[in-house]
Amino acid sequence: MIEFSLTNEQELIQKISREFSQEHLLPGVIERDEKAIFPIEQVKIMGELGFMGMMVPEKWGGSQLDTLSYVIAIEEIAAVELATSTVMSVNNSLVCQLFMDYGTKEQKEKYLKPLAYGKKLGAYSLSEPQSGSDASNMKTYAKKEGNYYIINGTKNWVTNGINSDIVIMFCMTKKDIGYKGVTAFVIEKDTPGLTVGRKEDKLGIRATDTCELYFENCKIPHKNRIGEEGQGFKIAMKVLGGGRIGIAAQAVGLSRAALDASVSFAKERKQFGQTIGEFGAIQNKLANMAVEVDAARLLVWRAAKLKDQGKDYLRESSMAKLYASSTAMKCATDCVQIHGGYGYMREYGVERLMRDAKITQIYEGTSEIQQLVIGRDLLK
Ligand code: CAA
């Protein structure tokens, strides 16, 4: 059952996240993008507001809210700055969720609590130079030696890789057996043998930090393993299924921002003696954007609701991400088109939407991977 009305609590979350975005994100958003500045202060405030562990139970330091509240907050934050919503999304729906579902009591106490309080920041490291979509094709290897694992290898495209305190890292503990050899670990960033690479120079979400991580005889105790040896791939996939709902919500936020900016501009900009909004060509674009933003949001809310109800949501989460990310790209491109020459100038902030939108079709599984997940589910 899908309820279209929000509870008082969900409306409050929407209000708080909207106010936070206007007050703390909007003022520096263009500068953070231009200079690739990580939103340290903003993330700290988000921690104080309870936004860094929204779905984590109170006893583990979180806000104990449902997934719908989480996607509502992500939408509001992404509508102003996609980059900050990415930092939030990785911490919430990948790192905290993984500890909630698979962490031991000791791991929850030591890692989940500070992550959920916003005192520490987490990263999620799955990809390697040769393995992106083909996620289990990893070379990074953890060799068991007594009570320790010795890790060697390179991970890449690690979001929050620089500013995080801990990293959830997936690597092989058995070679040549494919996904059955993948194991999940929690790595503290100051562990000897772990070196953080340079900050990548990116097309969009430039305020996030993305980097490589190099493991050279990095020694970690057994108690840093999450789940059993060989369970890592399924853990990674299960958690990504939830993470993709968050990415879809980000895409909805960005699409909405593109629509709002387009409507405002269409009402003000005059050409040929009338506002451009009076031209059918512009109205058609606005109408299509509005329909797609609402359709994308409904897909996101459905996936969130299914997750909250404890039902299967794998297909629905991929459907939401596939559709919402494509909507974000289309809305952002149309927004720039409607703004014409102004849209192409950095100062107006809408070209950033177009650059930022692209990543939603790539990370946490490309659009092609979402199609694969949906297709396989339909045919099973
Ligand atoms: N939940 C639980 N188990 C799952 C699962 C899921 N969602 N998906 C697959 N599995 C299981 C399968 O059932 C299978 O187990 P059995 O043999 O016991 O049945 C096993 O895992 C292997 O599954 P597949 O044969 O389907 O594996 P595959 O190699 O064909 O890969 C894939 C499937 C969907 C393509 C997967 O590799 C994938 O999702 N790739 C994309 C990776 C990705 O999203 N990367 C994002 C990086 S993280 C990131 O971007 C974070 C960030 O920084 C913002």
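Summarised in this report is the structure supplied together with it. Quick caveat, the model's predicted, so the values are computed rather than measured.

### Description of the overall build of the chain
- For the chain, the helix and strand inventory stands at 11 helices and 10 strands.
- A globule of 380 residues ought to have a C-alpha radius of gyration of about 21 Å, and the chain, at 21 Å, matches this closely.
- Judged by the C-alpha coordinates and their principal axes, the chain covers about 80 × 45 × 40 Å.
- Taken over 380 residues, the chain has a buried fraction of 56%.
- Considering only residue pairs separated by 6 or more positions, the chain has 74% of its internal contacts joining residues 24 or more positions apart.
- For the chain, the computed accessible surface area is about 16,900 Å², with 52% contributed by carbon and sulfur atoms.

### What about the packing of aromatic side chains?
- A complete count under the given rule lists eight aromatic pairs for this structure.
- A ring pair is formed by Phe99 and Tyr111, whose centres lie 5.6 Å apart and whose planes are at 15 degrees; its orientation type is stacked. Residue Phe99 is located in helix 5 (residues 82-102), and its partner Tyr111 is located in helix 6 (residues 105-117); the two are separated by 12 residues in the primary sequence.
- The buried category is assigned to Phe99, whose relative accessible area is 0%.

### Examining unusual backbone geometry
- Of note in the backbone geometry, Ile205 takes a positive phi value of approximately 30 degrees without being a glycine.
- Turning to its location among the elements, Ile205 is positioned in the loop between strand 6 (194-196) and strand 7 (210-221).
- Owing to a relative accessible area of 4%, Ile205 belongs among the buried residues under this scheme.
- One non-glycine residue, Phe272, adopts positive backbone phi at about 50 degrees.
- Position of Phe272 among the secondary structure elements: in the loop between strand 9 (270-271) and strand 10 (274-275).
- Judged by relative accessible area, which is 79%, Phe272 ranks as exposed.

### Some points on the site of the ligand
- Neighbouring the ligand are 23 residues; Thr159, Tyr179, Lys234, Arg244 and Arg376 lie closest to it.
- Between the ligand and Thr159 there is a distance of 2.6 Å, counted from an oxygen atom to a side-chain nitrogen or oxygen.
- Within the contact set of the ligand, an oxygen atom lies 2.7 Å away from a side-chain nitrogen or oxygen of Arg376.
- Those elements that provide at least two residues to the shell around the ligand are helix 5, helix 7 (232-268) and helix 11 (367-379).
- Examining the composition of the shell around the ligand, we find that six residues originate from one element, helix 7, more than from any other.
- Of the residues assigned to the shell around the ligand, the class counts are 13 nonpolar, five polar and five charged.

### Side note on the packing of helix 1 (residues 8-25) against helix 3 (residues 40-48)
- Where helix 1 contacts helix 3, the two axes come as close as 11 Å, and the packing angle between them is 155 degrees. The angle between helix 1 and helix 3 falls in the class roughly antiparallel. You can see that helix 1 and helix 3 cross each other, and the crossing is right-handed. When helix 1 is examined against helix 3, the residues Phe20, His24 and Leu25 are found in contact with a partner set consisting of Gln42, Ile45 and Met46.
- Partitioning the contact of helix 1 with helix 3 into residue classes produces four nonpolar, two polar and no charged.

### So, the nonpolar core
- Grouped together as the largest cluster of nonpolar side chains are 67 residues, with contacts concentrated most on Met54, Val71, Met88, Met289, Val300 and Leu353.
- In terms of residue count, the dominant contributor to this core is helix 7 (12 residues).
- In contact with Met54, not counting residues within four places along its chain, are Ile13, Ser63, Gln64, Leu65, Ser69, Tyr70, Ala73, Met88 and Asn92.
- By size, the runner-up hydrophobic cluster in this structure holds 30 residues, among which are Phe99, Leu112, Ile226 and Ala236.

### Digging into a nonpolar patch on the surface
- A contiguous nonpolar surface patch, about 470 Å² in accessible area, is contributed by Tyr342, Tyr344, Met345 and Tyr348.
- Judged by its relative accessible area of 33%, Tyr342 is partly exposed.

### What to know about helix 4 (residues 67-78)
- Here helix 4 is 12 residues long and its end C-alpha atoms lie 16 Å apart, about the 16 Å a rise of 1.5 Å per residue gives.
- With 12 of 12 residues buried, helix 4 is to be regarded as a mostly interior element.
- Within the sequence span of helix 4, burial applies to Thr67, Leu68, Ser69, Tyr70, Val71, Ile72, Ala73, Ile74, Glu75, Glu76, Ile77 and Ala78.
- The inward-facing, buried residues of helix 4 contact helix 1, helix 3, helix 5, helix 7 and helix 8 (280-308).

### Considering the pairing of strand 3 (residues 148-159)
- With five bridges connecting them, strand 2 (residues 141-145) and strand 3 associate as antiparallel partners. Residue Glu145 lies in a different strand from strand 3, and its bridge partner there is Tyr148.
- If you look at the hairpin formed by strand 2 and strand 3, you'll find two residues sitting between the two strands, and Gly146 has a positive phi there, around 60 degrees.
- As judged from the nine bridges shared by strand 3 and strand 7, these two strands associate in the antiparallel manner. Bridge pairing links Tyr149 to Ile220 in strand 7.

What counts and what doesn't
- Residues numbered from 1 in each chain as written.
- Predicted model: local features only at pLDDT ≥ 70, side-chain atom pairs only at ≥ 80, totals over all residues.
- Heavy atoms only, no water.
- Helix = DSSP H or I, 4+ residues; strand = E, 2+ residues; numbered from the N terminus.
- Rg over C-alpha atoms; globule rule 2.2 N^0.38 Å.
- Buried < 20%, exposed > 50% of the residue type's maximum accessible area, 1.4 Å probe, protein only.
- Contact = heavy atoms within 4.5 Å.
- Areas by Shrake-Rupley, 256 points an atom, 1.4 Å probe, with all protein chains shown as cover.
- Phe/Tyr/Trp six-rings, centres within 6.5 Å; stacked < 30°, edge-to-face > 60°.
- Near = heavy atom within 4 Å.
- Polar contact = N/O pair within 3.5 Å; in protein donor to acceptor, adjacent residues only side chain to side chain.
- Nonpolar A, V, L, I, M, F, W, Y, C, P; charged D, E, K, R; others polar.
- Axes fitted to C-alpha atoms, helices over the stretch in contact; angles between N-to-C directions.
- Parallel < 35°, antiparallel > 145°, perpendicular 65-115°, else oblique.
- Left-handed = near helix turned anticlockwise from the far one by under 90°.
- Core = buried A, V, L, I, M, F, W, Y, C linked by side-chain atoms within 4.5 Å.
- Patch = residues over 30% accessible without salt bridge, like charges linked within 9 Å, V, L, I, M, F, W, Y side chains within 5 Å.
- Salt bridge = Lys/Arg side-chain N within 4 Å of Asp/Glu carboxyl O.
- Expected span 1.5 Å × (residues − 1).
- Pairing = 2+ DSSP bridges.

None of the figures reported here should be taken as evidence of function without further support.
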